[in-house]
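Below, each chain spelled out in residue letters.
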Amino acid sequence: MKVTTLGTGWPLPSADRAGAATLVEAGGQHFLVDCGRGVLMRLAAAGVGVGQVNTVFLTHLHSDHIVDFNDVVTTSWIGSFAPTPLRVVGPPGTKAFVEATVAMLEDDICWRMAHHDDLTWRPDIEVTEVTDGVALESGAVRVLAAPTDHRPVHPTVGYRFEHDGAAVVCAGDTVPCEGLDRLCAGADVYVQTVLRRSAVEAIPLPRLQDILDYHSDLAQAGQTATRAGVGTLVLTHLVPPPPPGTEQEWADEVGEHFEGTVVVAEDLTAIEVPPPG
């Protein structure tokens with residue numbers, strides 16, 4: 001298995017960090033988790049075309065996690081040469097979101113079909129809504145979902161990818177909760193959105209202070225990883241993005257609560273599972 005953090009930024013645009021997205025490769029298959037700003041550019045940089053993606057998993061429907069979903073829909077459709085369904089898994093509400101996205105693209109769909117004689121089919125998207133339990137079984141890969149806690153955003157889910165005795169968890173945005181603990185139990189790699197509480201508290205804007213109660217901070221992410229017996233904790237969707245040269249401070253803060261490996265991810269950071277050697 002391999003995990004690549006495609007986008008590690010926060011909701012505000014960044015010159016060097018794309019929006020929230022993670023690529024999981026297992027059993028010769030590619031799985032995309034969330035579709036933040038710039039996802040297809042980062043996917044291309046990782047050497048993967050959207051046509052190679054087996055399934056898109058959405059952790060929740062906050063704008064910064066879905067803003068480029070429409071690009072995934074359009075590019076996968078116009079890049080295909082036969083009707084090819086795009087599989088999407090997400091929490092309840094995903095089907096309505098997908099239908100609204102296709103409705104928004106309706107003019108573009110009609111123009112492209114009118115212009116290209118060989119494009120005779122519309123985008124075909126198969127949606128599965130999940131809250132808890134098996135989200136997908138594909139070949140030797142099994143994906144489990146469990147509810148997370150990002151209230152007032154609700155429902156939200158995290159995912160556990162299992163293959164050949166290894167497990168990777170993509171938690172999305174959440175504070176510690178029972179569902180997250182279940183997903184992370186014994187995982188080799190746990191990918192978690194995090195904020196640095198002291199950095200957020202230093203910005204005197206109520207709208208930023210509001211985010212403190214629905215994201216895991218560095219201590220909480222470390223505590224979850226320790227409780228679950230995780231091997232490697234990957235910090236992503238960093239809030240606010242650390243100034244260059246300060247990344248070790250984030251790792252050290254987590255290290256007060258977790259003795260395993262800590263990765264402060266950048267865009268296109270790749271983690272092999274299990275690690276080489």
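The sections below set out a description of the structure shown in this document. (Residues numbered from 1 in each chain as written. Predicted model: local features only at pLDDT ≥ 70, side-chain atom pairs only at ≥ 80, totals over all residues. Heavy atoms only, no water.)

1. Description of the packing of helix H3 (residues 69–78) against helix H5 (residues 106–115)
One way to put it is that H3 packs onto H5 with a least axis distance of 12 Å and a crossing angle of 15 degrees. Between H3 and H5, the angle is such that the two are roughly parallel. For the element pair H3 and H5, the recorded crossing hand is right-handed. Of the residues in H5, those in contact with Thr 74, Trp 77 and Ile 78 of H3 are Asp 108, Ile 109, Arg 112 and Met 113. Along the lines of polarity and charge, the residues of the contact of H3 with H5 split into 4 nonpolar, 1 polar and 2 charged. (Axes fitted to C-alpha atoms, helices over the stretch in contact; angles between N-to-C directions. Helix = DSSP H or I, 4+ residues; strand = E, 2+ residues; numbered from the N terminus. Parallel < 35°, antiparallel > 145°, perpendicular 65-115°, else oblique. Left-handed = near helix turned anticlockwise from the far one by under 90°. Contact = heavy atoms within 4.5 Å. Nonpolar A, V, L, I, M, F, W, Y, C, P; charged D, E, K, R; others polar.)

2. Considerations on the pattern of salt bridges
Per the stated rule, a full pass over the model turns up 13 salt bridges. Ionic pairing is found between Glu 249 and Arg 196, a salt bridge with its closest N-O pair at 3.0 Å. Separated by 53 residues along the polypeptide, Glu 249 in helix H10 (residues 247–255) and Arg 196 in the loop between strand S11 (189–195) and helix H7 (197–201) bring together distant segments of the chain. Look at Glu 249 and you get partly exposed, because its relative accessible area is 39%. Exposure remark for Arg 196: the relative accessible area of 17% places this residue in the buried category. Arg 197 serves as the salt-bridge partner of Asp 217, at 2.7 Å between the closest nitrogen and oxygen. Here Asp 217, found in the loop between helix H8 (206–209) and helix H9 (218–228), pairs with Arg 197, found in helix H7; they are 20 residues apart in sequence, far enough to count as distant. (Salt bridge = Lys/Arg side-chain N within 4 Å of Asp/Glu carboxyl O. Buried < 20%, exposed > 50% of the residue type's maximum accessible area, 1.4 Å probe, protein only.)

3. Some points on the pairing of strand S10 (residues 166–170)
Of all the 5 residues making up S10, 5 are buried; the element is thus mostly covered by neighbouring parts of the structure. Neither face of S10 is open: one carries Ala 166, Val 168 and Cys 170, the other Ala 167 and Val 169, and all of them are buried. In this structure, strand S9 (residues 157–163) lies alongside S10, joined through 5 bridges in antiparallel fashion. Opposite His 163, over in S10, you have Ala 166 as the bridge partner. Here S9 folds back onto S10, and the loop between the two strands holds 2 residues, one of which, Asp 164, carries a positive phi near 55 degrees. (Pairing = 2+ DSSP bridges.)

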